Amino acid sequence: MIQLFYSPYELKPLESPNALSAATKPRSGALLKVEWSEGLRGYADLHPWPELGDSPLEDQLLEVRKGRISSQIEQSIWLARRDAELRKVQKNIFDEGDTVRNNFLLADYRSLKPGYLDEVKSEGFSTVKMKVGRNLKEELEALTLIAAAKMRIRLDFNAVGSWQIFERFMSQVPPSVRPLIEYVEDPFPYEEKAWAEARKLIPIALDNQYHRVPWDTLSVKSFDVLVLKPAKMDVEKTMQRALALKTKVTVTNYMDHPVGSVHALGIAMELKRKWGDLMLDCGCLTHRLFQMNSFSAEMNIQGPYLKRFKGSGVGFDKLLETQPWQPLTLS
Ligand code: MG
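Summarised in this report is the structure supplied together with it.

Side note on the coordination of the magnesium ion
For step 1, the next point in the chain: Protein coordination of the magnesium ion is provided by D156 (OD), E185 (OE) and D207 (OD), with donor distances spanning 2.1 to 2.3 Å.
For step 2, the next point in the chain: Binding-site remark: the magnesium ion is held by donors from one chain whose sequence spacing is D-x28-E-x21-D. Remark: D207 occurs in the loop between β8 (204-206) and β9 (225-228) and E185 occurs in strand β7 (residues 181-185); sequence separation between them is 22 residues. This pair shows no difference in class: E185 is buried, exactly as D207 is.

What follows is the structure, encoded as structure tokens:
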């Protein structure tokens, strides 16, 4: 038997987080508290992105009341269990696994004023991730600036474009910039043969198109990197797929609450210890996209690293204990 409690929150974006959502609308999510009958208690985040196909928060909570657990909540409960087991023995998530570096998420390329990237680089970042697909001309200019700072680049089209847009974009990337592009994520909606063509131009990463891949009938290699989001995806199954297809893996959070970020980073650290170079730098520092809150204020950020901070499990002990928890009764 488990008991579920939730505490709704809002994250206030500083800039438009991707090509799909309006700039300033607050983002709704809920923290979850899960209690198991054996006296275990753990916490996780639930942060749906309806723009990316998730069932809205209210709907997911309503379904729980009817006894139906969404796959996203199932994943949150799994993460809460990890947290609970660490809390029980008063261990911190940073006690498990190896340090993993994060990429720098560039929310808005218009912030690329002279000196901006020098500062980012001096903090220790080596890779910049940029969402593209809104204004290709300006994005190409931004790309040139990042390359001039000699930083590696991850691009993400969020599958909003088409083969034609992607191909035109790639043909305009200067030859000197191209080797600095580590990969392009979700260049356009998943289609095995078209993606196999795309990866002849540049390494391709699979992220939000994960659920469109016919895993059992793949005939050609259509991506080079798998983006693993523990908030959404079964970690073990995804790793097995990556190993079978000989792809690398990048762990990212779900542009969610700091509790979600720390959970994702915990998975990244554990997998890094187990799989070494198979694991690329991760992308778990997205809290900067939102106005600071009492949780993000507690995080111990040192350049591209999130370092150990006080508390058990994912931390935030006091804050989590004192949330206004509401029971999610199972009928
Ligand atoms: Mg993505």
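As for the sheet that holds β8
The pairing of strands in a sheet comes from backbone hydrogen bonds and takes either a parallel or an antiparallel form.
For step 1, the next point in the chain: Pairing is parallel in the open sheet, where seven strands are placed in the order β4-β5-β6-β7-β8-β9-β10. Single-partner strands in this sheet number two, and they are β4 (104-106) and β10 (248-251). If you compare each strand with its neighbour and ignore which way they point, the axes differ by 25° on average.
For step 2, the next point in the chain: Note: β9 against β10, four bridges, orientation parallel. Looking across to β10, one finds that L228 is bridged to V251.
For step 3, the next point in the chain: Where helix α7 (residues 235-245) meets the sheet, its contacts fall on β9 and β10, and the angle it forms with β9 comes to roughly 175°.

Section: the pairing of strand β6 (residues 152-156)
For step 1, the next point in the chain: The buried count for β6 comes to four of five residues, which makes it a mostly enclosed element.
For step 2, the next point in the chain: Pairing of strand β5 (residues 127-131) with β6 involves five bridges; the strand directions are parallel. In the sheet register, M130 faces β6, and the bridge partner there is L155.
For step 3, the next point in the chain: Note that the unit made of β5, helix α4 (residues 136-148) and β6 has a crossover that is right-handed.

Focus: the side chain of S76
For step 1, the next point in the chain: The topology assignment puts S76 in helix α2 (residues 71-88).
For step 2, the next point in the chain: Excluding its chain neighbours within four sequence positions, the residues that come into contact with S76 are L32, A44, D45 and L46.

A look at the packing of aromatic side chains
For step 1, the next point in the chain: In total, this model carries 15 aromatic pairs according to the counting rule given.
For step 2, the next point in the chain: Considering the side-chain rings of F157 and F166, the 6.1 Å spacing of their centres and the 80° angle between planes classify their relative orientation as edge-to-face.
For step 3, the next point in the chain: Looking at F157, the relative accessible area reads 1%, which means it is buried.
For step 4, the next point in the chain: Residue class for F166 comes out buried when judged on its relative accessible area of 0%.
For step 5, the next point in the chain: One aromatic cluster is present, built from ring pairs that chain together F157, W163, F166, F169, F188, Y190 and W195.
For step 6, the next point in the chain: Taking NZ or CZ as reference, R27 lies 3.3 Å from the ring centre of W49, over its face.
For step 7, the next point in the chain: Positioned above the aromatic ring of F5, the side-chain terminus of K33 is 4.8 Å from the ring centre.

Re helix α1 (residues 57-65)
For step 1, the next point in the chain: Among the residues of α1, L57, Q60, L61 and V64 are the ones counted as buried. Around the axis of α1, the buried residues are gathered within 95° of arc, so they sit on the same side.
For step 2, the next point in the chain: Those residues of α1 hidden inside the fold are in contact with β1 (2-11), β2 (27-36), β3 (41-46) and α2.
For step 3, the next point in the chain: Directly beyond the C-terminal end of α1, a positive phi value near 90° is found at G67.

Observations regarding the pairing of β2
For step 1, the next point in the chain: Most of β2 is tucked away: nine of the ten residues are buried.
For step 2, the next point in the chain: Across ten bridges, β1 lies against β2 in antiparallel orientation. By the bridge assignment, L4 is partnered in β2 with V34.
For step 3, the next point in the chain: The pairing of β2 with β3 spans six bridges and is classified as antiparallel. By the bridge assignment for β3, L31 is matched with D45.
For step 4, the next point in the chain: Connecting β2 to the next strand, β3, in antiparallel fashion are four residues, including G39 with a positive phi near 85°.

Re the sheet that holds strand β13 (residues 326-327)
For step 1, the next point in the chain: The strand order across the open sheet formed by four strands is β3-β2-β1-β13, and the pairing between neighbours is antiparallel. At either margin of the open sheet sits one strand with a lone partner, and together these are β3 and β13.
For step 2, the next point in the chain: As paired strands, β1 and β13 are joined by two bridges and run antiparallel to one another. Bridged to Y6 within β13 is Q326.

A look at empty space enclosed by the protein
For step 1, the next point in the chain: Tallying each qualifying case throughout the model produces five cavities of 30 Å³ or more.
For step 2, the next point in the chain: Quantified by volume, the largest cavity comes out at close to 60 Å³.
For step 3, the next point in the chain: As for the largest cavity, its lining consists of D45, S76, L79, P230, A231, T252, N253, D256, G260, H263 and A264.
For step 4, the next point in the chain: Elements that contribute at least two residues to the lining of the largest cavity include exactly α2 and α8 (258-275).
For step 5, the next point in the chain: Per-element accounting of the lining of the largest cavity gives the leading share, three residues, to α8.

Thresholds applied
Residues numbered from 1 in each chain as written. Predicted model: local features only at pLDDT ≥ 70, side-chain atom pairs only at ≥ 80, totals over all residues. Heavy atoms only, no water. Donors = N, O, S within 2.8 Å, 3.2 Å for Na, K, Ca; no water. Helix = DSSP H or I, 4+ residues; strand = E, 2+ residues; numbered from the N terminus. Buried < 20%, exposed > 50% of the residue type's maximum accessible area, 1.4 Å probe, protein only. Pairing = 2+ DSSP bridges. Axes fitted to C-alpha atoms, helices over the stretch in contact; angles between N-to-C directions. Contact = heavy atoms within 4.5 Å. Right-handed = clockwise from strand over helix to strand, strands pointing away. Phe/Tyr/Trp six-rings, centres within 6.5 Å; stacked < 30°, edge-to-face > 60°. Lys NZ or Arg CZ within 6 Å of the ring centre and 35° of its normal. Arc of directions from axis to C-beta. 1 Å grid on protein atoms, 1.4 Å probe; cavity = no way out; pocket = protein on both sides within 12 Å on 5 of 7 lines; lining within 4 Å. Points joined across faces, edges and corners; volume = space filled by probe spheres on them.

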